[in-house]
Amino acid sequence: MLLEECSFPEVEAYLQKNDTLLIPIGAVEQHSPYGLIGTDFIAAEAVARSAGEKLGIMVAPTVNYGISPHHMQFAGSATFSPKTMIAVCCDLIRSFAGHGFRRIFFINGHGGNRHALRTAFQQSKMENIPGILEIFSWYECTGVKRFNSKCFDHKEGRHATPSEISLTMHMRPEAFTHKETSPGKVDVQDTYWPMTAAEMKTTYPDGRMDSAPWLADRETGAAILNAAVDDLCKKLSHYMEMGLVEQR
Ligand SMILES: [Zn+2]
């Protein structure tokens, strides 16, 4: 059930029986010559929509942009500042909680968003927003990790990973027609984090971080999506049964 395709009476009817909302959130950042700039939001949206369909949960429009300042020396990347991201998430939580949503889950596709989301949750609680606020980062779930160690071993890496490239290949196969596919080298860097855009470009000149995106393939992407959706559905089912604390 997509919020963007509902009328307001349909949202009201949904809220009579369900107070859960999924908000996919990603990033607009380079994913090496092998992957799509939209990788993080395409993957998050796919996981959220598929889980939403399985469990009959409403899915809000995707927050496409995220916190990606370290990618800004690569053409096409765009970033929110952490401050903007926290404000955007607080505004969305306030909006949807105002209508009666009490279980709001951000389905996240980008590691750089996590701290801002947590801060937005703390800010929202300070404003007495009731109910459950949670993040689910699809790439961290056990099913996906099991898949990664079996298929990609230590070559999964940390950015432009074969698992996220596989998932987006499954979702947008036509976008990969002219992408790089030839095998490269994986040089694992012993370095610090976070980095400036210049430090990032010098350390990881082709935009990969310890990963082998040439190992990606479409069929694996379909299996990874299923694994992530299964894990998410389990977690959501648990939270949907959880009693909410009454505020006095
Ligand atoms: Zn990514």
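Note that the structure is predicted; figures quoted are calculated from it, not measured.

(A) The pairing of strand β1 (residues 20–25), seen in detail. Within β1, six of the six residues are buried, which leaves it mostly tucked inside the rest of the structure. Judged by which residues are buried, β1 turns out to be covered on both faces: Thr20, Leu22 and Pro24 on one side and Leu21, Ile23 and Ile25 on the other are all buried. Note that β1 and strand β3 (residues 103–108) share six bridges and pair parallel. By the bridge assignment, Ile23 is partnered in β3 with Phe106. The parallel pair β1 and strand β2 (residues 58–59), bridged by helix α2 (residues 39–55), forms a crossover whose chirality is right-handed.

(B) Expanded view of the coordination of the zinc ion. Within the protein, the atoms that donate to the zinc ion are His31 (NE2), Asp40 (OD) and Glu164 (OE), at distances of 2.0 to 2.2 Å. Every donor residue of the zinc ion comes from the same chain, spaced as H-x8-D-x123-E. On the criterion of sequence distance, the pair formed by Asp40 in helix α2 and Glu164 in helix α6 (residues 162–171) is long-range, its members being 124 residues apart. For Glu164, a relative accessible area of 7% puts it in the buried group.

(C) View of the pattern of salt bridges. What the rule picks out here adds up to eleven salt bridges. Taking the shortest distance from any N to any O, the salt bridge between Glu134 and Arg118 comes out at 3.2 Å. With Glu134 in strand β4 (residues 132–137) and Arg118 in helix α4 (residues 114–126), this pair connects stretches of sequence that are 16 residues apart. Residue class for Arg118 comes out partly exposed when judged on its relative accessible area of 40%. Each of Glu4, Glu45 and Arg49 takes part in one network of salt bridges that share partners.

(D) Just the packing of helix α5 (residues 142–151) against helix α8 (residues 218–241), in detail. Between α5 and α8, the least distance of the axes is 7 Å, while the angle of their chain directions is 150°. Taken together, α5 and α8 sit at an angle that is classed as roughly antiparallel. Between α5, through Thr142, Gly143, Val144, Phe147, Asn148 and Cys151, and α8, the contact on the second element is made entirely by Thr220, Ala223, Ile224, Ala227, Ala228 and Asp231. By residue class, the composition of the contact of α5 with α8 is seven nonpolar, four polar and one charged.

Cut-offs and rules
- For every chain, the first residue of its written sequence is number 1, and the numbers climb from 1 along that sequence.
- pLDDT decides what is reported in this predicted model: residues at 70 or higher carry local features, side-chain atom pairs at 80 or more are listed and counted, and totals for whole chains, interfaces and linings draw on all residues regardless.
- Hydrogen atoms and water are omitted, and side-chain values are computed over all heavy atoms in the structure.
- Residue burial is assigned from relative accessible area. The probe radius is 1.4 Å, only protein chains are included, and a residue is buried under 20% of its type maximum, exposed over 50%, and partly exposed in between.
- Helix and strand assignments follow DSSP, with helices taken as H or I runs no shorter than four residues and strands as E runs no shorter than two, numbered in order from the N terminus.
- When DSSP locates at least two bridges between a pair of strands, those strands are taken to pair.
- Classification remark: right-handed applies to a crossover when, strands pointing away from the viewer, the course from the first strand over the helix to the second runs clockwise.
- For Na, K and Ca the donor cut-off is 3.2 Å, while for other metals it is 2.8 Å, and in both cases only N, O and S atoms qualify; water is not among them, so sites may look incomplete.
- Salt bridges are defined as contacts in which a side-chain nitrogen from Lys or Arg sits within 4 Å of a carboxyl oxygen from Asp or Glu.
- Here an axis means a line fitted to C-alpha atoms, over the contact stretch when the element is a helix, while the angle between two N-to-C directions is reported on a 0 to 180 degree scale.
- Roughly parallel refers to an angle under 35 degrees, roughly antiparallel to one over 145, roughly perpendicular to one between 65 and 115, and oblique to any angle outside these ranges.
- Whether two residues are in contact is decided by their heavy atoms, any of which lying within 4.5 Å being enough.
- Throughout this entry, Asp, Glu, Lys and Arg are counted as charged residues, while Ala, Val, Leu, Ile, Met, Phe, Trp, Tyr, Cys and Pro are counted as nonpolar. The remaining residues, Gly among them, count as polar.

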